[in-house]
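The primary structure of each chain is shown beneath.
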Amino acid sequence: RRAASRVLLLTNLVEPEDVDEELQFETLNEVEERFGPAESCYVHVLPTTVPQDAEGVRIFVVFDSVEVATKALSAINGRLLKDREVKAKFYEEARFLQGEFAD
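Parameters at a glance
- Residues numbered from 1 in each chain as written.
- Predicted model: local features only at pLDDT ≥ 70, side-chain atom pairs only at ≥ 80, totals over all residues.
- Heavy atoms only, no water.
- Buried < 20%, exposed > 50% of the residue type's maximum accessible area, 1.4 Å probe, protein only.
- Helix = DSSP H or I, 4+ residues; strand = E, 2+ residues; numbered from the N terminus.
- Patch = residues over 30% accessible without salt bridge, like charges linked within 9 Å, V, L, I, M, F, W, Y side chains within 5 Å.
- Areas by Shrake-Rupley, 256 points an atom, 1.4 Å probe, with all protein chains shown as cover.
- Salt bridge = Lys/Arg side-chain N within 4 Å of Asp/Glu carboxyl O.
- Lys, Arg positive; Asp, Glu negative; His and termini not counted.
- Charge placed at Lys NZ, Arg CZ, Asp CG, Glu CD.
- Pairing = 2+ DSSP bridges.
- Phe/Tyr/Trp six-rings, centres within 6.5 Å; stacked < 30°, edge-to-face > 60°.

Novice: Now, about unusual backbone geometry: what can you tell me, with residues and values included?
Specialist: Positive phi values are uncommon outside glycine, yet N12 reaches one of about 65 degrees. What makes N12 buried here is its relative accessible area of 13%. Phi at K82 takes a positive value of approximately 50 degrees, unusual for a residue other than glycine. For K82, the position within the fold is in the loop between β4 (80–81) and β5 (84–85).

Novice: Can you lay out a negative patch on the surface for me, pointing to particular residues and giving the numbers?
Specialist: Where like charges cluster on the molecular surface, the negative patch consists of E17, D18, D20, E21, E22, E26, E30, E32, E33 and D64. By relative accessible area, which is 60% here, E21 ends up exposed.

Novice: Could you give an account of the pairing of strand β1 (residues 7–11), with specific residues and numbers?
Specialist: Of all five residues making up β1, five are buried, and the element is well covered by its neighbours. Covered by surrounding structure in β1 are V7, L9 and T11 together with L8 and L10, the residues of both alternating faces. In the sheet, β1 pairs with strand β3 (residues 57–63) via four bridges, with the strands oriented antiparallel. Counterpart to L8 in the pairing with β3 is V61. Looking at chain direction, β1 and strand β6 (residues 87–91) are connected through five bridges and run antiparallel. Bridge pairing links T11 to K87 in β6.

Novice: Now, about the packing of aromatic side chains: what can you tell me, with residues and values included?
Specialist: The full count for this structure, using the stated rule, is five aromatic pairs. Ring centres of Y42 and F101 lie 4.7 Å apart, and the angle between their planes is 35 degrees; on these two criteria the pair is classed as tilted. Of this pair, Y42 sits in strand β2 (residues 38–45) while F101 sits in the segment after α3 (93–97), and the two are 59 residues apart along the sequence. Among the aromatic side chains, those forming a connected cluster through ring pairs are Y42, F60, Y91, F96 and F101.

Okay, structure coming up:
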């Protein structure tokens, strides 16, 4: 189990073909409306995912606090969206800030 963090990693949320420049803003707005303040959202598509699938689209959300991130994690992880089970987990903030976007 990962230590709690302000950063959540969401996978299986969208297919690679659904990634566009609006995705990070839409995601950020939605999580702020539902859970509370968030600082930023970053979308990273893993280049090595073959075939490209929703697991390869990694969406990082940086919340203002661990408490808000924990609330979001509880609500998002395991949620079904368009027949996909969305996965959410804490991600180490230092790794995120260093640009490490793969496990």
